[in-house]
Amino acid sequence: MQAGRSGSAVFGAWYVVALLGMLGVIAYLDRLALGLLIQPIKAEMGVSDTQIGLLLGPSFAMMFAIAGLPIAIAVDAFNRKWLLVAGVTFWSLATTLSAFAHDFTTLFVLRMGVGIGEAVLSPVAVSMIGDLFTREKRAVPMSTMIALQSAGAGASALIVAVLIRLATDGSLPLPDALAQMPVWRVALLMIGPPGLLLALIAALTMKEPARASADASADAPLAEGASVFRDAASERRFFVLLLLGTNFSALTLLMVANWFPTYLIRAFGIPAEQVGYAFGPVMMIGGVAGSLAIPLLARRLPVKGRGDPILLLAMLAAPLATLMFLTAVTLDGFAAAVIMIGLYFVTGNAVGVLGSVMVASAASARKRGRFASLNMLAQAILGSSLGPFAVGFLSDRWFAGSLGHSMATVGGIAGVLSSLLIWRAYRVHADSLALTGKSTASDPAKAGIGTAS
């Protein structure tokens, strides 16, 4: 733990990172669990792909976005530990109650509850890590936490696959009334309660970190470099381009996380359980590798005079991710498609981690929650809402149920936009560096890359 940042947690700063990361695992499990349960939900409730797209996207993302800003303001002003405990409890209860939803509308409302609760996690995490680690140390804990969240995204498919098997075999120790429920209901019933346990652990073992001074030079806006922008307009343009670019990439990433398992089921006739066993591990391994790649590779990139190393790496990764995704949805073999989508997750997550690392380093101590909220808002509108819904809508209206064509259309457009926007953000930043004669890229510590202590 850094000197002068005491009172952070019972077991230290890295304990807080680990606990936040585990909560991220649970959050993504609760958020993405429906991805393997689409077919039985459609069969029981008689809903269309468009309605499934609403459940996967807008039902969650709408409230995630609406709640984000007021929650972020509260994070900057009030006790973050208790806000975190309340949010985790709320989304875990909403997930558990989803197992008893009797129609589409009820399930939609409960998914909105999951979105409200999960809106707490990102601002709290960014704010706490910003106070627990100095700027040059923040990239590694942020990347570690995001890597754990990526593991949770992959684990969601694997865990649901295991629950499908256990529920089908009658191996779960449930009362008869619950054991007779449809498999998708049993799965939701089992994945909700672990979040309640982690909320209790957080309540008992975490302490509110001491907030760094908003006026401290170590917490000046833009991570050692507000002065690299020649004016406020350039600064605003940079952040608009950055957030839009990384979140168009997130659109494809979350679209794949939600819909690709069902694409594999329909395209290759593979049972949901087997798809989960294959898709879960590659998503987990690829996501973790991609999330950890940025702080490791950026420290070694010879980029002196060419801008920020994180931006350069993201600019290269964005088009590569798009190419890998489009290849995955055109391959004829199940194994080849799964392997290629695993490689996609490496590059896709590498782009996604950029926004959170930059926000953690860019905002002053009293505004980190609000900066994180803007990033979260962009992700909610583009990634969590538009992507999953657009796939379902196009599948019903244009492609007669062909998820491959629908996903390729949405992901191809989003990938091109992501690549162009990140390239423009890189150029704005590099041009500002050249005009001001300053460089934060030549020193990895000044770029927000360093080793944690």
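1. Description of the overall build of the protein
In step 1: A tally of helices and strands in the protein yields 17 helices and zero strands.
In step 2: Within the protein, the proportion of its 453 residues that are buried is 60%.
In step 3: Carbon and sulfur atoms make up 68% of the accessible area of the protein, which amounts to about 16,500 Å² in all.

2. Some thoughts on the side chain of Ser 127
In step 1: Relative to the assigned elements, Ser 127 resides in helix α7 (residues 121–132).
In step 2: Within the local environment of Ser 127, its side chain forms a polar contact with the side chain of Arg 80, the two groups lying 2.8 Å apart.

3. A look at the nonpolar core
Generally speaking, nonpolar side chains in soluble globular proteins are found buried as a group.
In step 1: One finds Leu 37, Val 256, Phe 260, Phe 279, Ile 341, Tyr 344 and Met 407 to be the most contacted residues of the largest nonpolar core, which totals 90 residues.
In step 2: Grouped together as the second largest cluster of nonpolar side chains are 42 residues, Ile 26, Ile 71, Val 114 and Leu 198 included.

4. Remarks on the packing of helix α2 (residues 38–45) against helix α3 (residues 49–56)
For any two helices packed against each other, the geometry comes down to the angle between their axes and how far apart the axes lie.
In step 1: As a packed pair, α2 and α3 sit with axes 11 Å apart at the nearest point and diverge in direction by 120 degrees. As far as their axial angle goes, α3 and α2 are oblique. Read as a crossing pair, α2 and α3 show a hand that is right-handed. Facing α2, whose interface residues are Ile 38, Ile 41 and Lys 42, α3 presents Asp 49, Ile 52 and Leu 56.
In step 2: Here the residues of the contact of α2 with α3 sort into four nonpolar, no polar and two charged.

5. Some points on the environment of Trp 91
In step 1: Among the structural elements, Trp 91 can be located in helix α5 (residues 80–98).
In step 2: As a C-alpha pair, Trp 91 and Ile 26 span 65 residues in sequence and 10.0 Å in three-dimensional space.
In step 3: Ignoring sequence-local partners within four residues, the contact set of Trp 91 consists of Leu 23, Ile 26, Ala 27, Asp 30, Gly 113, Val 114, Gly 117, Glu 118 and Leu 121.

6. Some thoughts on the environment of Leu 417
In step 1: Among the structural elements, Leu 417 can be located in helix α17 (residues 403–436).
In step 2: For Leu 417, a relative accessible area of 34% puts it in the partly exposed group.
In step 3: Along the sequence, Leu 417 and Ser 249 sit 168 residues apart, while their C-alpha atoms lie 8.4 Å from each other.

7. A few points about the environment of Ile 26
In step 1: Secondary-structure assignment places Ile 26 in helix α1 (residues 13–32).
In step 2: The spatial distance from the C-alpha of Ile 26 to the C-alpha of Val 88 is 9.2 Å, given a sequence separation of 62 residues.
In step 3: Residues contacting Ile 26, with those up to four places away along its chain left out, are Trp 91, Pro 194, Gly 195 and Leu 198.

8. Structural notes on the packing of aromatic side chains
In step 1: Counted by the stated rule, this structure contains nine aromatic pairs.
In step 2: Ring centres 5.9 Å apart and planes at 65 degrees place the aromatic pair Phe 279 and Phe 345 in the edge-to-face group. On the criterion of sequence distance, the pair formed by Phe 279 in helix α13 (residues 272–298) and Phe 345 in helix α15 (residues 334–362) is long-range, its members being 66 residues apart.
In step 3: By relative accessible area, which is 1% here, Phe 279 ends up buried.
In step 4: For Phe 345, a relative accessible area of 1% corresponds to the buried category.
In step 5: Grouped by ring-pair contacts, the aromatic residues Phe 260, Tyr 263, Phe 268, Phe 279, Phe 325, Phe 334, Tyr 344 and Phe 345 constitute a single cluster.
In step 6: If you follow Arg 31 out to its NZ or CZ, it ends over the ring of Tyr 28, 4.4 Å from the centre.
In step 7: Sitting over the ring of Trp 423, Arg 424 keeps its end group 5.7 Å from the ring centre.

9. A look at the pattern of salt bridges
In step 1: One pass over the full model with this rule turns up seven salt bridges.
In step 2: For Arg 185, the salt bridge identified is with Glu 44, shortest N-O distance 2.7 Å. Placement of Arg 185 in helix α10 (residues 183–191) and of Glu 44 in helix α2 is noted, with a sequence separation of 141 residues between them.
In step 3: Judged by relative accessible area, which is 9%, Arg 185 ranks as buried.
In step 4: Residue classification places Glu 44 among the partly exposed residues on the basis of a relative accessible area of 37%.
In step 5: Two residues, Arg 80 and Glu 208, come together in a salt bridge whose shortest N-O distance is 2.7 Å. Of this pair, Arg 80 sits in helix α5 while Glu 208 sits in the loop between α11 (193–205) and α12 (232–268), and the two are 128 residues apart along the sequence.
In step 6: Accessibility expressed as a relative area gives 21% for Glu 208, which makes it partly exposed.

10. Thoughts on the side chain of Arg 111
In step 1: Among the secondary structure elements, Arg 111 is positioned in helix α6 (residues 104–118).
In step 2: The charged side chain of Arg 111 is buried without a salt bridge, its nearest counter-charge being Glu 118 at 6.8 Å.

The rules we used
Residues numbered from 1 in each chain as written. Predicted model: local features only at pLDDT ≥ 70, side-chain atom pairs only at ≥ 80, totals over all residues. Heavy atoms only, no water. Helix = DSSP H or I, 4+ residues; strand = E, 2+ residues; numbered from the N terminus. Buried < 20%, exposed > 50% of the residue type's maximum accessible area, 1.4 Å probe, protein only. Areas by Shrake-Rupley, 256 points an atom, 1.4 Å probe, with all protein chains shown as cover. Polar contact = N/O pair within 3.5 Å; in protein donor to acceptor, adjacent residues only side chain to side chain. Core = buried A, V, L, I, M, F, W, Y, C linked by side-chain atoms within 4.5 Å. Axes fitted to C-alpha atoms, helices over the stretch in contact; angles between N-to-C directions. Parallel < 35°, antiparallel > 145°, perpendicular 65-115°, else oblique. Left-handed = near helix turned anticlockwise from the far one by under 90°. Contact = heavy atoms within 4.5 Å. Nonpolar A, V, L, I, M, F, W, Y, C, P; charged D, E, K, R; others polar. Phe/Tyr/Trp six-rings, centres within 6.5 Å; stacked < 30°, edge-to-face > 60°. Lys NZ or Arg CZ within 6 Å of the ring centre and 35° of its normal. Salt bridge = Lys/Arg side-chain N within 4 Å of Asp/Glu carboxyl O. Lys, Arg positive; Asp, Glu negative; His and termini not counted.

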